[in-house]
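# Descriptive structure summary
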Amino acid sequence: MKRTLFILMIAFMSINAMAQYKPIDIKGSRVFVENQKLDKIAAAECFTSLNGVDRSMDYLKYRKKYKTGVGLTIGGASLAVAGSALTFTGFVNALSKGLAGENAVGAEVVMYLGMTSVIAGTTCFVVGIPMTCVNKSRLNRLEKEYNASLQFGASANGLSMALCF
C-alpha cells in the first residue's frame, strides 16, 4: 500500500513538474520561450521564483549592463574612427598650409580635437568589451539555472529521478 501511494505521489509530482516547465533561450539580452520573444517584464517574471530565490532583479540588472556595454563598444569604436579621421585631416591641412600662420592654428585645433576623440573612443571601447562579456556570461548562467530541471521517469530498475542541466 505504501509503495503504491509513493508511486502515485511521484507520478503526480512529475506531471506537475512537466506542465510548468518551458525551457528558455537567451539571445543577446532577449528571452525566448518556444521561439516567441518575451518583453522585458514577462522575461523578468520567468526568474521570479528560481530555486526559491527571486532573480528577476538580477536579470534586469544584467540586461541593462549588457546593453550599456554594447552601446559603449559600438560608440567607442565609432568615436575612435571619427577621431582618427579628424586627426589625419588636421595633420594634412597643417602640412598643406604650412606650419605657420592662421590656418595652422585652425588645423592644430582640429588635430587636438581628433586626438581627444581617439582617446575617449578607445577608452569607451576598452570599457565596453569586458562589460558586455561579463554580463552576457551572467545572463547565460541565469539561463542554465532556469533550464536545469528535475526529471522523473521509468528506468530498468523502476522509477528514477534525474537532475538535468
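Whatever comes next refers back to the structure up there.
Residues numbered from 1 in each chain as written. Predicted model: local features only at pLDDT ≥ 70, side-chain atom pairs only at ≥ 80, totals over all residues. Heavy atoms only, no water.

With that out of the way, let us pick up the packing of aromatic side chains. Here the structure, examined in full by the defined rule, presents 2 aromatic pairs. Judged by centre distance (5.9 Å) and plane angle (70 degrees), the ring pair of F47 and Y146 falls under edge-to-face. With F47 in the loop between α2 (40-46) and α3 (56-97) and Y146 in helix α4 (residues 102-147), this pair connects stretches of sequence that are 99 residues apart. With relative accessibility at 0%, the residue F47 sits in the buried group. Every member of this aromatic cluster is reached through a ring pair, and the members are F47, Y59 and Y146. Between the NZ or CZ atom of K27 and the centre of the ring of F32, over which it lies, the distance is 4.9 Å. (Phe/Tyr/Trp six-rings, centres within 6.5 Å; stacked < 30°, edge-to-face > 60°. Helix = DSSP H or I, 4+ residues; strand = E, 2+ residues; numbered from the N terminus. Buried < 20%, exposed > 50% of the residue type's maximum accessible area, 1.4 Å probe, protein only. Lys NZ or Arg CZ within 6 Å of the ring centre and 35° of its normal.)

Here the idea is simple: oppositely charged side chains can pair when their charged atoms come close. Overall, the coordinates contain 3 salt bridges when judged by the stated rule. For D25, the salt bridge is made with K27, and the minimal N-O distance between the two is 3.9 Å. Where R55 meets E145, a salt bridge forms, and the shortest distance between an N and an O atom there is 2.9 Å. Taken together, the positions of R55 in the loop between α2 and α3 and E145 in helix α4 put the pair 90 residues apart, joining distant regions of the chain. Owing to a relative accessible area of 17%, R55 belongs among the buried residues under this scheme. Shared partners join several salt bridges into a network, and the residues in it are R55, D58 and E145. (Salt bridge = Lys/Arg side-chain N within 4 Å of Asp/Glu carboxyl O.)

With that settled, the discussion passes to the sheet that holds strand β1 (residues 24-27). Ordered in space as β1-β2-β3, the 3 strands form an open sheet in which the pairing is antiparallel. Of all strands in the sheet, those bounded by a partner on one side alone are β1 and β3 (36-37). (Pairing = 2+ DSSP bridges.)

On the surface, a cluster of positive charge is made up of R30, K37, K40, K64 and K67. You can see K64 is positioned in helix α3. (Patch = residues over 30% accessible without salt bridge, like charges linked within 9 Å, V, L, I, M, F, W, Y side chains within 5 Å. Areas by Shrake-Rupley, 256 points an atom, 1.4 Å probe, with all protein chains shown as cover. Lys, Arg positive; Asp, Glu negative; His and termini not counted. Charge placed at Lys NZ, Arg CZ, Asp CG, Glu CD.)

Along the chain, T73 turns up in helix α3. A distance of 2.8 Å separates the side chain of T73 from the backbone oxygen of G69, its partner in a polar contact. Among all residues touching T73, those that are not within four sequence positions of it are C124, F125, G128, I129 and T132. (Polar contact = N/O pair within 3.5 Å; in protein donor to acceptor, adjacent residues only side chain to side chain. Contact = heavy atoms within 4.5 Å.)

Scope: geometric values only; no functional claims are made or implied.
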